[in-house]
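# Close look at the chain arrangement
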Amino acid sequence: MKKRNKLLNIALIAIVFLFLLAANNGLDSYKIRVLNLCAIYTIFGLSLNLINGFTGLFSLGHAGFIALGAYTTALLTMPEKIKTQNFFMESLIAPLNHISIPFLPALILAGLISAGIAFLIGAPALRLKGDYLAIATLGFAEIIRVVLNNAQSITNGALGLRGIPHFTNLYWTFGIAIVTIIIVASLINSSYGRALKAIREDEIAAESMGINLFKHKTIAFVIGAFFAGIGGGLLGNLMGTIDPSMFKFVFTFNILLIVVVGGMGSITGTVIAAFIVTIGGELLRFLDMEKVYSFGFISFTGIPGLRMVIFSILLMIIVLFFRTGIMGTKEFTWKSIFKYSNEKPLDEGGNK
């Protein structure tokens, strides 16, 4: 059984990369960009779901870790000439003004820096619970954004960074998304993952069973921040330009929307929701344009921000009628698929 599932997983990954090869050669740049965003938001969603869904924490600071990853990767991969053009008001500090390293090491360093900051933040914040933890993590995310906005000699301040090399492509984004899925799934299915779920269900009972709450919460928080930093690096090198205003609370809200829509505690749901929300956001982009639209007997004028209003309404509908999201805490597995396909329909006598 395990050998069959392993072969099926390898075959599925091969099919995905064959699809990427066809998409890379057959789709235009806009559609490729949307697919890249789908994979990047999958990474963001999984990293936040590990914290909020599987561990039961209420963190709202994800945008800060993503910002750290984006800036770190951008600064480490930009050529010296481009850095000089960006930092015309105040020179970039040494040795960053001369450093330029390959994309993969830059991504790993971005993840490690985000994880390091998460550890420093988590040490005091994770002793809080519920709304208090949400406020604390949101505050730390805003602190990170304000620092990025004012550290002129490191981040170029409010001007942001331009001319970031476009290293991100479909193979990078989907490859890292697959690695993230494998690592998170392995983590959740281990004894450590069962401890996280126990903390989510009942902290007092988990602690009475000998689970170190602070240790497990901190590790989940740090791992989530690590993948958020890597995703931020992919996003920065996909966009080609970043600035502190990109990483406001709305950014975290979009990722939280993916987690809630997919199901808090479901890897499969997060992946599905990342594609639905990202593609849906692109399809609804016309709502932000100040034009008159007519659909039969309905006529309205698009206004900036209307797309987010629609997303908010959809979130309210999901919370009211689909409280567990698309998948809840369920997962698609080969066992469940084969079990469903092997079921025989009942005959008139009620027999299979």
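Scroll up for the structure.
Residues numbered from 1 in each chain as written. Predicted model: local features only at pLDDT ≥ 70, side-chain atom pairs only at ≥ 80, totals over all residues. Heavy atoms only, no water.

## What to know about the pattern of salt bridges
Evaluated as defined, the whole model comprises five salt bridges. Measuring nitrogen to oxygen at the nearest pair gives 2.9 Å for the salt bridge that ties glutamate 142 to arginine 145. In this pair, glutamate 142 and arginine 145 both sit in helix 6 (residues 130–150), three residues apart, roughly one turn of the helix. Its relative accessible area of 27% is what places glutamate 142 among the partly exposed residues. Between arginine 285 and glutamate 282 there is a salt bridge, with its nearest N and O atoms 2.9 Å apart. The network of salt bridges with shared partners includes Lys129, Glu203 and Lys217. (Salt bridge = Lys/Arg side-chain N within 4 Å of Asp/Glu carboxyl O. Helix = DSSP H or I, 4+ residues; strand = E, 2+ residues; numbered from the N terminus. Buried < 20%, exposed > 50% of the residue type's maximum accessible area, 1.4 Å probe, protein only.)

## Observations regarding helix 2 (residues 29–54)
Between its terminal C-alpha atoms helix 2 stretches 36 Å, which fits the 38 Å expected from 26 residues at 1.5 Å a residue. Counting buried positions over the 26 residues of helix 2 gives 22, a clear majority of the element. Taking the backbone nitrogen of tyrosine 30 as reference, a side-chain oxygen 3.1 Å away marks aspartate 28 as the first, capping residue of helix 2. Looking one or two places after helix 2, you find glycine 56, whose phi comes out positive at around 80°. (Expected span 1.5 Å × (residues − 1). Polar contact = N/O pair within 3.5 Å; in protein donor to acceptor, adjacent residues only side chain to side chain.)

## Considerations on the packing of helix 5 (residues 103–125) against helix 6
Axis separation between helix 5 and helix 6 bottoms out at 11 Å; the angle between their running directions is 145°. As helix 5 packs across helix 6, the resulting crossing turns out to be right-handed. Seen from helix 5, the contacting residues are Ile117, Ile121 and Ala125; seen from helix 6, they are Leu133, Ala136, Phe140 and Ile144. Considering only residue class, the contact of helix 5 with helix 6 consists of seven nonpolar, no polar and no charged. (Axes fitted to C-alpha atoms, helices over the stretch in contact; angles between N-to-C directions. Left-handed = near helix turned anticlockwise from the far one by under 90°. Contact = heavy atoms within 4.5 Å. Nonpolar A, V, L, I, M, F, W, Y, C, P; charged D, E, K, R; others polar.)

## What to know about the packing of helix 2 against helix 9 (residues 191–201)
With their axes 9 Å apart at the nearest point, helix 2 and helix 9 run at an angle of 50° to one another. With respect to each other, helix 2 and helix 9 are oriented oblique. Touching Leu50, Gly53 and Phe54 of helix 2 are Leu196, Lys197 and Arg200, all from helix 9. Residues belonging to the contact of helix 2 with helix 9 are distributed by class as follows: three nonpolar, one polar and two charged. (Parallel < 35°, antiparallel > 145°, perpendicular 65-115°, else oblique.)

## A word on empty space enclosed by the protein
Evaluation of the coordinates by the stated rule reveals one cavity of 30 Å³ or more. The space that makes up the largest cavity amounts to roughly 30 Å³. Taken together, Gly61, Phe65, Ile121, Thr137, Phe140, Ala141, Ile144 and Phe221 make up the lining of the largest cavity. It is helix 6 that contributes the most residues to the lining of the largest cavity, four residues altogether. Class assignment of the residues belonging to the lining of the largest cavity gives a composition of six nonpolar, two polar and no charged. (1 Å grid on protein atoms, 1.4 Å probe; cavity = no way out; pocket = protein on both sides within 12 Å on 5 of 7 lines; lining within 4 Å. Points joined across faces, edges and corners; volume = space filled by probe spheres on them.)

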